[in-house]
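Listed below, chain by chain, are the residues.
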Amino acid sequence: MSGSAVRARRVSPPRPLAKARGLGESGWGWLFAVPAVMLIGGFVLYPVLNTVLFSFTDFNGLTAANFVGLEQYGRLAGDSVFHRTLLNSGLITAVATVLLVCLPLPVAYWIHRGIPFRRFFRAVLYLPVVVPIIVSSVAWKWLLDEGGLVNYVLVTTGLTSGPVSWLSDPALAIWTVTGVIVWRAFGIYLLIYLAGLATMPDDQLEAAAIDGAGHVRTFGSIVVPHLRGSIVLSSVIAFVAAMRMFDEIYVLTGGGPANASKNTAYYIWESAFSYFKFGYSSAMAVVLLALVLGLVLLGLRLAGRSR
Amino acid sequence: MKVFGLGTRTAVLAVLTAGAALALAPVLWLLSTSFKGRGDVFAVPPELVPASPTLDNYAYVWNQADVQRYFVNSLLASAGTVLLNVSVAALLGFALARFAFRGRKLLFLLGISTMVVPFPAIMLPLFVAAKEMGLTDHLLGIVLPTAAVNMWLSVYILREAFAGLPDELEEAARIDGCAPPRMFLQVMLPLVKAPLATSAILVFTLTWSDFLWPLVIMQDHGNFTISVGLQYFMSTLTSNWHHIAAVAVIASLPVVVIFLLLQRYFFTDVLSGATKG
Amino acid sequence: MVPTRPSRRRFLAATAIGAASLMISACGVFGGTTSEAAPSGGPATLEFWTINLKEGYTPYIEGAISRYEQQHPGVTIKWVDIPDFEQTQSKLLAAISGGATPDVVNMTPFILPKFAATDTIYPIDELTQDAGAVAAEYVPGLWDAGVIGGKAYAIPFYGSVSALIYNADLFEKAGLDPAKPPANWDEVFAAARAIHDKTGASGFVQTLDDFDDAGNPSDILAGQAGVPLLSDDGKKAAFATPEAVAHLDQYAKGVAEGWIDRTSVNGGVMDGAKILAQGKTGMVFLGPWILRWLKDNTDEQTFKKFKVAEHPEGAGGAANGFLQHFAIPRAAKHPKEALDFARYFSGTTLELAKQAPVLPGLASIAKDPYFQTTEETKVLVDQEVKFYWPKHPAVAEMFAALRAEFQSALLGDKPAERALQDAAKRWDELLAAGS
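Since the structure is predicted, the reported quantities are computational estimates derived from the model, not experimental observations.

(A) Molecular detail of the overall build of chain A. The number of helices and strands found in chain A is 15 helices and zero strands. The C-alpha extent of chain A, read off along each of the three principal axes, is 70 × 65 × 30 Å. Split into buried and exposed, the 307 residues of chain A put 60% on the buried side. When contacts within chain A are restricted to residue pairs at least 6 apart in sequence, long-range pairs at least 24 apart make up 66% of them.

(B) How the structure looks around the interface of chain A and chain B. The interface of chain A with chain B comprises 100 residues on the first partner and 110 residues on the second. When chain A packs against chain B, the two sides together hide about 10000 Å² of surface, and 80% of this comes from carbon and sulfur. The largest share of the area that chain A buries against chain B comes from A:F32, A:F43 and A:W142, three residues that together contribute 9% of it. Taken together, the links from chain A to chain B amount to zero salt bridges. At the junction of chain A and chain B, the tally comes to five residue pairs in polar contact (both at pLDDT 80 or more). In terms of residues, the side of chain A that touches chain B owes the most to one element, helix α2 (residues 24-54) of chain A, which gives 22 residues. Per-class residue counts for the side of chain A that touches chain B are 79 nonpolar, ten polar and eleven charged.

(C) Expanded view of the UniProt feature "transmembrane region" (unreviewed entry) in chain A. Residue and element names in this part refer to chain A. Summarizing the sequence annotation, UniProt attributes the feature "transmembrane region" (unreviewed entry) to residues 28-49, 91-111, 123-143, 172-195, 227-246 and 278-300 in the numbering used throughout. Counted over residues 28-49, helix gives 100% and strand 0%. Its end C-alpha atoms are 28 Å apart. Strand forms 0% of residues 123-143 and helix 90%; the C-alpha atoms that close the span are 23 Å apart.

(D) Layout of the packing of aromatic side chains. Residue and element names in this part refer to chain A. For the coordinates displayed, the defined rule picks out 63 aromatic pairs over all chains. With a centroid separation of 5.8 Å and 50° between ring planes, the pair formed by F59 and F278 is classed as tilted. A residue pair is termed long-range when its members are at least 10 positions apart, and F59 in the loop between α2 and α3 (71-77) and F278 in helix α15 (residues 278-306) qualify at 219 residues. Classification of F59 as buried rests on a relative accessible area of 2%.

(E) Representation of the environment of A:A241 in the model. Within the secondary structure layout, A:A241 lies in helix α12 (residues 228-244). Residues A:A241 and A:V138, spaced 103 residues apart in sequence, show a C-alpha to C-alpha distance of 19 Å.

(F) Broad picture of helix α20 (residues 395-410) of chain C. Taking 1.5 Å as the rise per residue, α20(C) with 16 residues should run 22 Å; its terminal C-alpha atoms sit 22 Å apart, in good agreement. Of the residues flanking the end of α20(C), it is C:G412, one or two places downstream, whose phi is positive at about 80°.

(G) Representation of the packing of helix α6 (residues 118-130) of chain A against helix α10 (residues 193-209) of chain B. Relative orientation of the contacting elements α6(A) and α10(B) amounts to 40°, with a least axis distance of 9 Å. For the element pair α6(A) / α10(B), the angle class is oblique. On α10(B), the residues that touch A:Y126, A:V129 and A:V130 of α6(A) are B:I201, B:L202 and B:T205. Among the residues forming the contact of α6(A) with α10(B), the class breakdown is five nonpolar, one polar and no charged.

(H) Representation of the pairing of strand β6 (residues 155-161) of chain C within the structure. Residue and element names in this part refer to chain C. Along β6, seven of the seven residues are buried, which leaves the element largely enclosed by surrounding structure. Alignment of β6 against strand β11 (residues 319-327), held across six bridges, turns out to be antiparallel. Pairing of G159 across the sheet is with L323, part of β11. Two elements, β6 and strand β12 (residues 359-360), share two bridges in a ladder whose sense is antiparallel. Paired with Y158 across the two strands is P360, which belongs to β12.

(I) Looking closely at the domain arrangement of chain C. Residues and elements named next belong to chain C. Once the domains are mapped, chain C shows domain 1 (42-160 + 322-380) and domain 2 (162-321 + 389-433). Contacts between domain 1 and domain 2 engage 20 residues on the former and 24 residues on the latter. Of the roughly 1800 Å² buried where domain 1 meets domain 2, counting both sides, 70% is carbon and sulfur surface. Seen at the junction of domain 1 and domain 2, the total is zero salt bridges. Our count for the domain 1 to domain 2 interface comes out at four residue pairs in polar contact (both at pLDDT 80 or more). For the side of domain 1 that touches domain 2, the secondary structure elements donating two or more residues are α5 (112-117), β4 (147-148), β11 and α19 (375-382). The greatest single-element share of the side of domain 1 that touches domain 2, amounting to four residues, is contributed by α19. Among the residues making up the side of domain 1 that touches domain 2, the classes are represented as 14 nonpolar, two polar and four charged.

(J) The arrangement of the UniProt feature "domain: ABC transmembrane type-1" (unreviewed entry) in chain A in detail. Taking the numbering used here, the UniProt-annotated feature "domain: ABC transmembrane type-1" (unreviewed entry) corresponds to residues 86-299 of chain A. Secondary structure across residues 86-299 of chain A divides into 77% helix and 0% strand, with the first and last C-alpha atoms of the span separated by 19 Å.

(K) Up close: the interface of chain C and chain A. Each side of the interface is counted separately: chain C has 43 residues, and chain A has 42 residues. At the junction of chain C and chain A, the tally comes to three salt bridges. Close ionic contact of C:E397 with A:K277 constitutes a salt bridge, the shortest N to O distance being 3.0 Å. At the boundary of chain C and chain A, one finds ten residue pairs in polar contact (both at pLDDT 80 or more). Counting residues per element, the ones that place at least two in the side of chain C that touches chain A are α1 (8-20), α2 (27-30), α4 (85-97), α5, α12 (263-266), α13 (269-277), α20 and α21 (416-433) of chain C. Tallied by class, the residues present in the side of chain C that touches chain A amount to 16 nonpolar, 16 polar and eleven charged.

(L) Summary view of the sheet that holds strand β9 (residues 281-286) of chain C. All names here are of chain C. Pairing in this open sheet of four strands is mixed, and the strands run β8-β9-β7-β10 from one edge to the other. The open sheet is flanked by β8 (202-205) and β10 (306-310), the only strands paired with a single partner. The mean inter-strand angle of the sheet, taken between neighbouring strand axes irrespective of direction, is 20°. Strand direction decides the pairing type here: strand β7 (residues 163-167) and β9, joined by four bridges, are antiparallel. Residue L164 lies in a different strand from β9, and its bridge partner there is F285. Relative to the sheet, α13 contacts β7, β8, β9 and β10, its axis offset from that of β9 by approximately 145°.

(M) Spatial organisation of the packing of helix α10 (residues 217-224) of chain C against α20(C). All names here are of chain C. Taken N-terminus to C-terminus, the directions of α10 and α20 make an angle of 85°; their axes are 9 Å apart at the nearest point. For the element pair α10 / α20, the angle class is roughly perpendicular. Residues P217, S218, I220 and L221 of α10 form the contact with α20, whose own contacting residues are F399, L402, R403 and F406. When the residues that make up the contact of α10 with α20 are grouped by side-chain class, the tally is six nonpolar, one polar and one charged.

(N) Region of interest: the confidence of the model for chain A. All names here are of chain A. Averaged over all residues, the pLDDT of chain A equals 85, while 92% of them reach at least 70. Of all helices and strands in chain A, the one with the weakest mean pLDDT is helix α1 (residues 16-20) (48), whereas helix α4 (residues 80-102) scores best (96). Within the model, the stretch residues 1-20 combines pLDDT values under 50 with 48 contacts to residues more than four positions away or in other chains.

Rules used in this analysis
Residues numbered from 1 in each chain as written. Chains lettered and ligands numbered in written order. Predicted model: local features only at pLDDT ≥ 70, side-chain atom pairs only at ≥ 80, totals over all residues. Heavy atoms only, no water. Helix = DSSP H or I, 4+ residues; strand = E, 2+ residues; numbered from the N terminus. Buried < 20%, exposed > 50% of the residue type's maximum accessible area, 1.4 Å probe, protein only. Contact = heavy atoms within 4.5 Å. Buried area = accessible area lost by both parts, 1.4 Å probe. Salt bridge = Lys/Arg side-chain N within 4 Å of Asp/Glu carboxyl O. Polar contact = N/O pair within 3.5 Å; in protein donor to acceptor, adjacent residues only side chain to side chain. Nonpolar A, V, L, I, M, F, W, Y, C, P; charged D, E, K, R; others polar. UniProt positions renumbered as here; feature names shortened; annotations may be inferred. Phe/Tyr/Trp six-rings, centres within 6.5 Å; stacked < 30°, edge-to-face > 60°. Expected span 1.5 Å × (residues − 1). Axes fitted to C-alpha atoms, helices over the stretch in contact; angles between N-to-C directions. Parallel < 35°, antiparallel > 145°, perpendicular 65-115°, else oblique. Pairing = 2+ DSSP bridges. Domains from an automatic or database assignment. pLDDT = per-residue confidence, 0-100.

Written as structure tokens, this is what we have:
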């Protein structure tokens, strides 16, 4: 863990500043952390701990729960729908994260380097972020269904021979929802990169230009290394958001057809609030949490080693 | 000096234009639908620009189902959530970045992993906790939990930002006899405006979009937010599309306007001024 | 308008609880959720939940409430309308866990069995001496939908019956007689093929969602193919029969060949309605309430094309229905008053029916001459209605499993026979688990 991203870029030399003021590093650190710890403790950690407790019970949301030990976990092991949703969560998260981390990079570079109409592009590409998710998802649903505008355009221009079943083809539905997430969140990552580029000294770019470095080389050898922190930040945010994704699936496909686009977050919601299986859904949440925790630890270790 | 040559510029502009069209298409389509009359929504071939535009839909929904009230509630709830979230996250982000305090790693790890627990998994215990605190039907019932649930997003962004500030800044402040609270408020906070604005707009959007929690925590119709109100128009038995489109535009407009007004803060390069040299 | 501020002390206490709750004090959630019925009489505030009636029906609801309040001094009704059926469950579960339970709740048959099985709602006979007399007031089919294990748990509010809504224009173009719509399922399939061959439009949309009057899998199996869903003792799935396989095969073929609209596979009720409104399909099987929507969303010329007829007769013999009913949670503070109000409110449905064609729960209202005045209301009261779904606590999960298997079959990923067998296997597990 030490030497990992946890301590970010600075830390080591002792900080006389804090010590001199009597409270010490830990004292000051915790003082600043108290409001956040209270909020997170009351409204996130407490419910999460409850969820962990529920996972050992047969809680149905209505009547007092009985302790059932690891029964729910045993049931999960044999639930093929759950396995399918884990796979789907993994696929959606992997593809969405890669696309969201990589695609906005060159766009940020172009905008930063002053491509014409950059203010316009910047604003327009961010627009999907600020439209309420439920609104944009419904708009996409109307556009993408069998009789929607997208198919109308595809068929009339002869690009496809018949309407494409974006939402009802099991091989396609999961990528359709992934695409809508990427569409919606693209602007966030563009913003992060632009903020990162704003801290880049111009003389570096100028020096590269004088050296005769082309855009590709400048981008690869100066811009990307400079944005390393932003890229890690983007990866974490994209990963978390994709894992939690619920609204788009809820509106677009309801997890179908035949569970093809159902992720674990959706299955948790369905099990809890449609099937009244809170014990079971909590066990899923715990498994998901454990898997992600493992991945995060692994990621931090790798990130630490590469530094 | 032109940074991009003509060929590159053309190619890049073509790509960006295609991207912009894709980003805009659903939004424009909604906008167009919101001006359509009752029979034009399902016209085949679809009308891109309404043949006979009308404002009736806006007039109808604006006077229906307390839309104005929902709207104000959303503004208050989102603004309150952002204020609480960003200020608290800035404190913690600062602490994580600048103090090597004991338990820091554990705190960070705990934060980042609880962030991935899907909201439905914690909704029930969260409601019970909020109810015990007397938060039902109260604005804080949205503000506190929503600020907390999205806390780690802002903490992460701001921790990165504070960690990126040069050590010399801290040293100089120390020599001036600057205590941590002052250093936070007067020296460092002004230098992370862009990340602050980024967190703020993200949290604002998330709060504005949220439709499940406000519905659960609020009992009285008068306390619902616009995203809940939207559902009245969207659910199965009432989905009149020209009305949905009009409410959707009304529900999106303020966020868009706020973004356009504040966007110069997101892209501010005040930070580069401080780090240069 | 803006919620009132809690006192400062209250807020501090709240923060303290927030901090203290770190110590996993889960008592609130694990504690009992039932409470003793408070003695009745005296002033009472009843919290009343409906589903999706605020937009468009507010004057009706508020008018009915204020009339009741005038007749019953001391009783105040607090009305809460939930936008959508699925969200009712989330909100209701949270409310029950938190002890903020409403007194009268609009429920659907998909969740009622769970509440009955957990004894979290009142059986009607615990709240009134003459439960038999109450039962006799309602349309028998609708009342029975709320009877679980021999006990009635709900007061019918309004219902709906599946009908055939079709595009007369497409019928003519396909050489079919719009005055003689298909009367059974062989005719439906034949007409669908004809429409697809002659016009290129699909023959019909039959979506698979939970709205029974839109013909979910229970209608396809029990209503259309006439296959019982459960064995006589209710312990096993009984629908994987050759008749069901043959019927589902027709559907798979229809989707593959295009005479059944592909929207059927993963669309919802309103997606089907959209296809109909666009003139891209010939028929849908929905309750006549959809006509109100069609009227609001199409121009007059288009709307004139849509006709309504009785639901094609299936082997099951009756049209498939759906309903909304009222239940009274055990945690209600004034259950007797709640029952009185629920009965009162189900008596106001003529007013509702005049705004949207729905079937009233009260038998006396269903006999009102108003329902004979138009075709769309006639099909409601003239058809025999049946509720085919099992009244089992796991009904929602059973249907989710059935729907997923249907989707596999319609997409050709699985032979119909295996899809039905797999679904039956899942049903058997759920039935054996008991809840």
